[in-house]
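If you want the building blocks of each chain, they are given just below.
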Amino acid sequence: MDEKKYQQLQQQITPKPKYVKNCIAAFLVGGLICLVGQFVALFYISFFDFTERTASNPTVATMIFISMLLTGFGYYKKIAQVGGAGSAVPITGFGNAMISSAIEHKSEGYVLGVGGNMFKLAGSVILYGVFSAFVVALVKTILVGLGVVSW
Amino acid sequence: MAIRKLLPLVFVLVMLAGCSTSIGFKTVNTTDVDGQKAEKLLKEDQRIKNAVVLIHDDRLIAGLRVNTFERFKKRKIAKELSKELEKMYPEMKVTVSADSKILLETNKLIEKEDEQNYSKKMKKISSLVKEET
């Protein structure tokens, strides 16, 4: 069988991804994670001295911690199967990426296995997150300097 | 099986019921100045959903909750209203914020009716507004 025929056959057999259904599921799961985050933020605002601005730090930490626990117990995998990008895009996806690679490399030892590979997946998130933040901050600084927007 | 089908519905209803807690517009004034002016200003502003105003000694604190789509501009709204209230009450230290914490704490303070602690607590609420991450 030549390459073209093989590709045609492969396209015929491969089931078509259900884009609409996947988008709705991602929207709902992502939204639900954000709703939980909102409740956590509200908890910090109501019961501690955090304002809406300062509450974001402990909220992010709590959400990462929860997702790490859920990954450890194997529940996050089930959520990700339903939600797809909806579970990967929020900050909880970061916790999941860290812990899942740590679990995966546990057999290679704690230092070179877990320690060396824990940030393998999360490293790209950190790198591009920091880089995007730098670019956005640079753009905003320039716009503030030009007087287009205020801080 | 019927209970299983009903559970998501109950969950959604409970969630939505939580959103309906409305404080409305509330003004508490322990001074001789006219507090109605501040309440009128906030009530007439279409961007504001709820507002709690506490006027005590030389301080005025206004906690606001803006409409959903105005949230993007809530700092600007608070700044604008703060300027207007400062004009209305030039002799007072005015604190206006659209932060939920300020609204909740001011409302809590009013509901406690602990007038002796107003000054101390109001100072604390004002300092919260200045907090940065």
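Please refer to the structure placed before this passage.
All residue numbers here refer to positions counted from 1 along the written sequence of the relevant chain. Both sets of labels track the order of writing: A upward for chains, 1 upward for ligands. The model is predicted, so local features are restricted to residues of pLDDT at least 70 and side-chain atom pairs to those at 80 or more, both for listing and for counting; the totals for chains, interfaces and linings are taken over all residues. Remark: hydrogens and water are excluded; side-chain values derive from all non-hydrogen atoms of the structure.

**Some points on the packing of helix α6 (residues 91-104) of chain A against helix α8 (residues 119-146) of chain A**
Residues and elements named next belong to chain A.
In step 1: Remark: α6 packs on α8, axes separated minimally by 7 Å, with the N-to-C direction vectors making an angle of 150°. The angle between α6 and α8 places the two elements in the roughly antiparallel class. When α6 is examined against α8, the residues Phe 94, Ala 97 and Met 98 are found in contact with a partner set consisting of Phe 119, Leu 121, Ala 122, Val 125 and Ile 126. A fitted line through C-alpha atoms represents every axis, and for helices the fit uses only the stretch in contact; the resulting angles, taken between N-to-C directions, go from 0 to 180 degrees. Comment: elements are numbered from the N terminus, with helices defined as DSSP H or I runs of at least four residues and strands as E runs of at least two. Small angles under 35 degrees read as roughly parallel and large ones over 145 as roughly antiparallel, with 65 to 115 read as roughly perpendicular and the rest as oblique. Contacts are assigned to residue pairs that have any heavy atoms within 4.5 Å of one another.

**Observations regarding a positive patch on the surface**
In step 1: Together, A:Lys140, B:Arg75, B:Lys79, B:Lys83 and B:Lys87 line one region of the surface with positive charge.
In step 2: If one sorts the elements of the positive patch by residue count, helix α3 (residues 74-88) of chain B sits on top with four residues.
In step 3: Checked against the element boundaries, B:Lys83 lands in helix α3. Here the term patch refers to residues with relative accessible area over 30% and no salt bridge, with like charges joined within 9 Å and nonpolar side chains (Val, Leu, Ile, Met, Phe, Trp, Tyr) within 5 Å. For accessible areas, the Shrake-Rupley method is used with a probe of radius 1.4 Å. Any residue's cover is judged against the shown protein chains and nothing else. The term salt bridge refers to a side-chain nitrogen of Lys or Arg lying within 4 Å of a carboxyl oxygen of Asp or Glu. Charge counting treats Lys and Arg as positive and Asp and Glu as negative, with His and both chain ends excluded. One atom stands in for each charge, and that atom is NZ of Lys, CZ of Arg, CG of Asp or CD of Glu.

**Description of the packing of helix α3 (residues 56-73) of chain A against α6(A)**
All names here are of chain A.
In step 1: Contact pair α3 / α6: the axes reach a minimum separation of 8 Å and the direction vectors enclose 40°. Judged on the interaxial angle alone, α6 and α3 are oblique. The interaxial crossing formed by α3 with α6 has right-handed handedness. Where α3 abuts α6, its residues Val 60, Met 63, Ile 64, Ser 67, Met 68, Thr 71 and Gly 72 lie against Ile 91, Thr 92, Phe 94, Gly 95, Asn 96, Met 98, Ile 99, Ser 100 and Ile 103.
In step 2: Following the grouping adopted for this structure description, the nonpolar residues are Ala, Val, Leu, Ile, Met, Phe, Trp, Tyr, Cys and Pro, the charged ones are Asp, Glu, Lys and Arg, and the polar ones are all others, Gly among them. The residue makeup of the contact of α3 with α6, split by class, is nine nonpolar, seven polar and no charged. Each crossing is labelled by how the near helix is turned from the far one, with a counterclockwise turn of less than a right angle marking it left-handed and a clockwise turn marking it right-handed.

**Structural notes on the interface of chain B and chain A**
In step 1: With 16 residues of chain B at the contact, the number on the chain A side is 12 residues.
In step 2: Interface of chain B and chain A: buried area, both sides summed, is about 1,300 Å²; carbon and sulfur atoms make up 47% of it.
In step 3: A 3.5 Å cut-off defines polar contacts: any pair of N or O atoms within that distance qualifies, except that in protein one atom must be a possible hydrogen donor and the other a possible acceptor, and neighbouring residues in sequence count only when both atoms are side-chain atoms. Our count for the contact surface shared by chain B and chain A stands at seven residue pairs in polar contact (both at pLDDT 80 or more).
In step 4: The set of elements that each furnish at least two residues to the side of chain B that touches chain A consists of α3, α4 (100-112) and α5 (118-129) of chain B.
In step 5: With five residues, the top contributor of residues to the side of chain B that touches chain A is α4(B). By definition, the buried area sums, over both parts, the 1.4 Å-probe accessible area that each loses when the two are put together.

**Some thoughts on the packing of aromatic side chains**
All names here are of chain A.
In step 1: Within 6.5 Å between ring centres, the rings of Phe, Tyr and Trp (the latter by its six-membered ring) count as paired, and their orientation is classed by plane angle as stacked under 30 degrees, edge-to-face over 60, tilted in between. The final tally for this structure, using the stated rule, is six aromatic pairs over all chains.
In step 2: For the pair Phe 43 and Tyr 44, a centre-to-centre distance of 5.5 Å together with 65° between the ring planes defines the contact as edge-to-face.
In step 3: Think of it in three bands: residues with accessible area under 20% of the maximum for their type are buried, residues over 50% are exposed, and the middle band is partly exposed, with areas taken using a 1.4 Å probe on protein chains only. Taking relative accessible area as the criterion, Phe 43 reaches 39% and is therefore assigned partly exposed.
In step 4: Taken together, a centroid distance of 5.3 Å and an interplanar angle of 50° make the contact between Phe 43 and Phe 47 tilted. A residue pair is termed a helical-turn pair when its members lie 3 or 4 positions apart in one helix, as Phe 43 and Phe 47 do in helix α2 (residues 19-47) at four residues.
In step 5: Among the residues examined, Phe 47 registers a relative accessible area of 62% and is labelled exposed.
In step 6: Ring pairs connect the aromatic residues Phe 43, Tyr 44, Phe 47, Phe 48 and Phe 50, which therefore count as one cluster.

**Focus: the side chain of B:His56**
All names here are of chain B.
In step 1: On the secondary structure map, His 56 appears in strand β2 (residues 48-56).
In step 2: Here Thr 30 takes part through its side chain, which lies 2.7 Å from a polar atom of the side chain of His 56.
In step 3: Not counting residues within four places of it along the chain, the set of residues in contact with His 56 comprises Thr 30, Thr 31, Glu 115, Tyr 118, Ser 119 and Met 122.

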